[in-house]
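Structure at a glance
The chain contents come next:
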Amino acid sequence: MLRLYNTLTRKKEVFHPLKEEEVSIYACGPTVYNIPHIGNYRTFLMTDNLVRILEYLGYTVNLVMNITDIDDKTIRDSKKAGMSLKEFTEKYTEEFFCGLDMLNIQRASSYPRATENVDGMIELAQTLMEKGLAYEKDGSVYYRIAAFPEYGKLSKLDFNSIKVGASVDVDEYDKDNPRDFVLLKASTQEEIERGIYYESPWGKIRPGWHTECSVMSMNHFGPSLDIHTGGVDLIFPHHENEIAQSEGATGKPFVRYWIHGEHLIVDGEKMSKSKGNVFTLPELVEKYGGEVVRFMFMSVHYRKKLDFSDSFAQNAQNSYFKLRETLENLQFAIKGADDNEYPSDKEMIDLSGNLEDDFRNALEDDMNIPKAIAVYHELSRISNQYLESGRNKDVLEKLLSLYRKFADTLGIFAQEGEEVPEEIMELVKIREQARKDRDWDTADALREKIAQEGFVVQDTCEGPNVKRQKR
Ligand code: AMP
Ligand code: ZN
């Protein structure tokens, strides 16, 4: 039974999805105004791990992640770069996807863009206004927090004790209450001149950040969904505001399980430009390789701070190499294995079965991946021990298949031992050329042909990636 720590109740709860057959997850995605830092990717990876664990446990997952392609920062920095907002955000959306590939993060089923969902945001603002939960002032539309008594149920903040000026923007005198947040923002003259505006019943506006996530999640899943993820910094105000908007509009519970990942810090300190300790993913991948970075991020439980340092990275790298070496040993041994020479070994088979139970139990306990990695090391240890004494093919196959199952669940060793036949590689090459020539029909036909042969091609930023289809 999977148990997840729900920020809403501050408890580990048994996970029951709304629909037996499919789990709905909405993840807050990137604001595409620069290359995401490694902390952002730690959080994106947490969601990927959640998806993989759910799949391992037999669920089908529908993950939606938004792309924030319009906000103060994207507008400001696109201007600085002398680019249109669209050109600018496209560039960083591509960067974001490249990072996902580097970490072997599986793609979501959909990446809706804020700019493509403004109609829905205007509708939401209208609904909230009809219900007395929103009001217009000077062309902007605000949420009236005082009209939603449950405000604060996620963050558990005591709003009576919050001093205005400390955490509330006192510059925004135009609101009825300084804590009220913006749903739709009146466009400035400069934004209008740059064409960054949408027509609404209240004039030219652009969307607010909180509004976009409520709208895009409900567009895909309806009023209620299973899981919503993000970093801890989003609990307040972003997710608190999403609840106020969605539940205020529909009267139904919005999200059943709120999952938040702790932050990544560097050498004990918060990452910040002024301290010069902000790392981007390509920098780290260059140094350690994508799989090691992924493994490193996974080696700390998602609800604990990850204190990144070179020595931390080295330790994770050593642990990763140890596991990989055993995989290579098993692959090598199986080639020369002979059933007749060595008897089967019931004890080993039983032992590996127990380890699979331990592995699953660890993951079911609020995604305890560090514990699952410890079980993986135990599997590695007994495998190496067995290789010294026996080489029965059945036993080796059992060990190797479990080894691969653990690897797939953790999203590592993606390439190891994948023997892609030459004729398939030839088809991949021809397809690459067709793609370069923008001959999409040929490229699609070749993808289909490759699939018929049992292989999948993924187009990543580093070129095509070919894998045998999961059976
Ligand atoms: P942003 O692009 O700023 O909207 O952030 C994307 C995601 O990264 C959000 O889920 C944030 O909560 C998360 N995030 C931001 N800073 C960190 C950090 N230092 N460590 C882990 N996650 C972070
Ligand atoms: Zn969001």
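Residues numbered from 1 in each chain as written. Chains lettered and ligands numbered in written order. Predicted model: local features only at pLDDT ≥ 70, side-chain atom pairs only at ≥ 80, totals over all residues. Heavy atoms only, no water.

Counting its secondary structure elements, the protein contains 15 helices and 15 strands. Relative to the 2.2 N^0.38 estimate, which gives 23 Å for 471 residues, the radius of gyration of the protein is 25 Å and therefore close to what a compact globule would have. Here the protein holds 471 residues, and the buried ones make up 51% of them. Considering only residue pairs separated by 6 or more positions, the protein has 76% of its internal contacts joining residues 24 or more positions apart. (Helix = DSSP H or I, 4+ residues; strand = E, 2+ residues; numbered from the N terminus. Rg over C-alpha atoms; globule rule 2.2 N^0.38 Å. Buried < 20%, exposed > 50% of the residue type's maximum accessible area, 1.4 Å probe, protein only. Contact = heavy atoms within 4.5 Å.)

Here we come to the side chain of Thr89. Within the secondary structure, Thr89 sits in helix α3 (residues 85–102). Relative accessible area serves as the criterion here: at 5%, Thr89 is assigned to the buried category. Among the polar contacts made by the side chain of Thr89, one reaches the main-chain carbonyl oxygen of Lys86 at a distance of 3.2 Å. Discounting residues that sit within four places of it in the chain, Thr89 has contacts with Val32, Asp69 and Thr74. (Polar contact = N/O pair within 3.5 Å; in protein donor to acceptor, adjacent residues only side chain to side chain.)

To continue, consider the site of ligand 1. The full set close to ligand 1 counts 16 residues, and Gly39, Asn40, Thr43, Asp233 and Leu264 are the nearest of them. Backbone polar atom of Thr31 to an oxygen atom of ligand 1: 3.1 Å apart, as the coordinates give it. For ligand 1, whose free accessible area comes to 490 Å², the fraction covered by protein is 87%. Those elements that provide at least two residues to the shell around ligand 1 are α1 (38–56) and β10 (225–231). Tallying contributions element by element places α1 first for the shell around ligand 1, with 4 residues. Classifying every residue of the shell around ligand 1 by side-chain character gives 5 nonpolar, 9 polar and 2 charged. (Near = heavy atom within 4 Å. Areas by Shrake-Rupley, 256 points an atom, 1.4 Å probe, with all protein chains shown as cover. Nonpolar A, V, L, I, M, F, W, Y, C, P; charged D, E, K, R; others polar.)

On to the UniProt feature "binding site: Zn(2+)" (unreviewed entry) in the protein, then. The residues that UniProt annotates with the feature "binding site: Zn(2+)" (unreviewed entry) are Cys28, Cys213, His238 and Glu242. For the annotated residues, spread through 215 residues, the largest C-alpha to C-alpha distance comes to 11.2 Å, consistent with a single compact locus. Along the chain, His238 falls in helix α7 (residues 235–250). On the accessibility criterion, His238 (0% relative accessible area) is buried. Once residues lying within four places of it in the same chain are set aside, the contact partners of His238 are Cys28, Trp209, His210 and Cys213. Turning to its location among the elements, Glu242 is positioned in helix α7. (UniProt positions renumbered as here; feature names shortened; annotations may be inferred.)

For the rest of this paragraph, the subject is the domain arrangement of the protein. Each assigned domain of the protein is listed with its residue range as follows: domain 1 (3–261), domain 2 (273–410) and domain 3 (422–468). Relative placement of domain 2 and domain 3: their C-alpha centres are 30 Å apart. (Domains from an automatic or database assignment.)

What follows concerns the sheet that holds strand β4 (residues 60–65). Sheet architecture is open: 4 strands sit in the order β4-β3-β10-β11, paired in parallel fashion. Each having just a single partner strand, β4 and β11 (255–261) make up the two edges of the open sheet. Averaged over all pairs of adjacent strands, the angle between strand axes in this sheet comes to 25°, irrespective of strand direction. Docked against the sheet, helix α6 (residues 209–221) engages β3 (22–27), β4 and β10, running at close to 160° with respect to β3. Sitting on the sheet, α7 touches β10 and β11, and the angle it makes with β11 is about 170°. (Pairing = 2+ DSSP bridges. Axes fitted to C-alpha atoms, helices over the stretch in contact; angles between N-to-C directions.)

The next point concerns the sheet that holds strand β6 (residues 140–143). In spatial order, the strands read β5-β6-β7-β9-β8; together these 5 strands make up an open sheet with antiparallel pairing. Each edge of the sheet is formed by a strand with only one pairing partner; in this case those strands are β5 (134–137) and β8 (198–200). Across the sheet, the mean angle from the axis of one strand to that of its neighbour is 40°, orientation sign disregarded. Those strands touched by helix α4 (residues 118–130) are β5, β6, β7 (182–186), β8 and β9 (203–207), and its axis lies near 105° from that of β5.

Right, let's get into the coordination of the zinc ion (ligand 2). The protein atoms donating to the zinc ion (ligand 2) are Cys28 (SG), Cys213 (SG) and His238 (NE2), with metal-donor distances spanning 2.1 to 2.2 Å. The motif formed by the donor residues of the zinc ion (ligand 2), counted along the single chain, is C-x184-C-x24-H. A residue pair is termed long-range when its members are at least 10 positions apart, and Cys213 in helix α6 and His238 in helix α7 qualify at 25 residues. Just as Cys213 is buried, His238 falls in that class too. (Donors = N, O, S within 2.8 Å, 3.2 Å for Na, K, Ca; no water.)

Once that is clear, we can look at the nonpolar core. The biggest cluster of nonpolar side chains holds 88 residues, and the ones touching the most others in it are Ile227, Phe297, Phe308 and Tyr376. Residue contributions to this core peak at 10 residues, all from α1. Setting aside anything within four residues of it in sequence, one finds Phe297 in contact with Ile38, Tyr41, Arg42, Leu45, Leu103, Leu264, Leu284 and Leu306. Ile145, Leu184, Phe221 and Ala244 belong to the second largest nonpolar core, which has 42 residues in total. (Core = buried A, V, L, I, M, F, W, Y, C linked by side-chain atoms within 4.5 Å.)

The pairing of β7 with β9 spans 3 bridges and is antiparallel. In the sheet register, Lys185 faces β9, and the bridge partner there is Arg206. Here β8 runs beside β9; their pairing, made up of 3 bridges, is antiparallel. Within β9, the position partnered with Glu199 by the bridge is Lys204. Two successive antiparallel strands, β8 and β9, enclose a turn made up of 2 residues.

Let us now look at the confidence of the model for the protein. Per-residue confidence for the protein averages 93 on the pLDDT scale, and 95% of its residues sit at or above 70. Predicted confidence for residues 164–172 stays below pLDDT 50, and this span has 8 contacts to residues more than four positions away or in other chains. (pLDDT = per-residue confidence, 0-100.)

Quick look at helix α9 (residues 290–298) now. Counting buried residues along α9, 8 of its 9 residues qualify, which places the element largely inside the surrounding structure. Within the span of α9, buried status applies to Gly290, Val292, Val293, Arg294, Phe295, Met296, Phe297 and Met298.

One pass over the structure, following the stated rule, counts 28 salt bridges. Its salt-bridge partner being Asp176, residue Lys137 comes within 3.0 Å of it at the nearest N-O pair. Placement of Lys137 in strand β5 and of Asp176 in the loop between β6 and β7 is noted, with a sequence separation of 39 residues between them. By relative accessible area, Asp176 is classed as partly exposed at 45%. Across the salt bridge formed by Arg324 and Glu328, the nearest N and O atoms sit 3.7 Å from each other. Here Glu328 and Arg324 lie together in helix α10 (residues 310–335), a separation of 4 residues that amounts to about one turn. Three or more residues are tied together by salt bridges with common partners; here these are Asp72, Lys185, Glu191 and Arg206. (Salt bridge = Lys/Arg side-chain N within 4 Å of Asp/Glu carboxyl O.)

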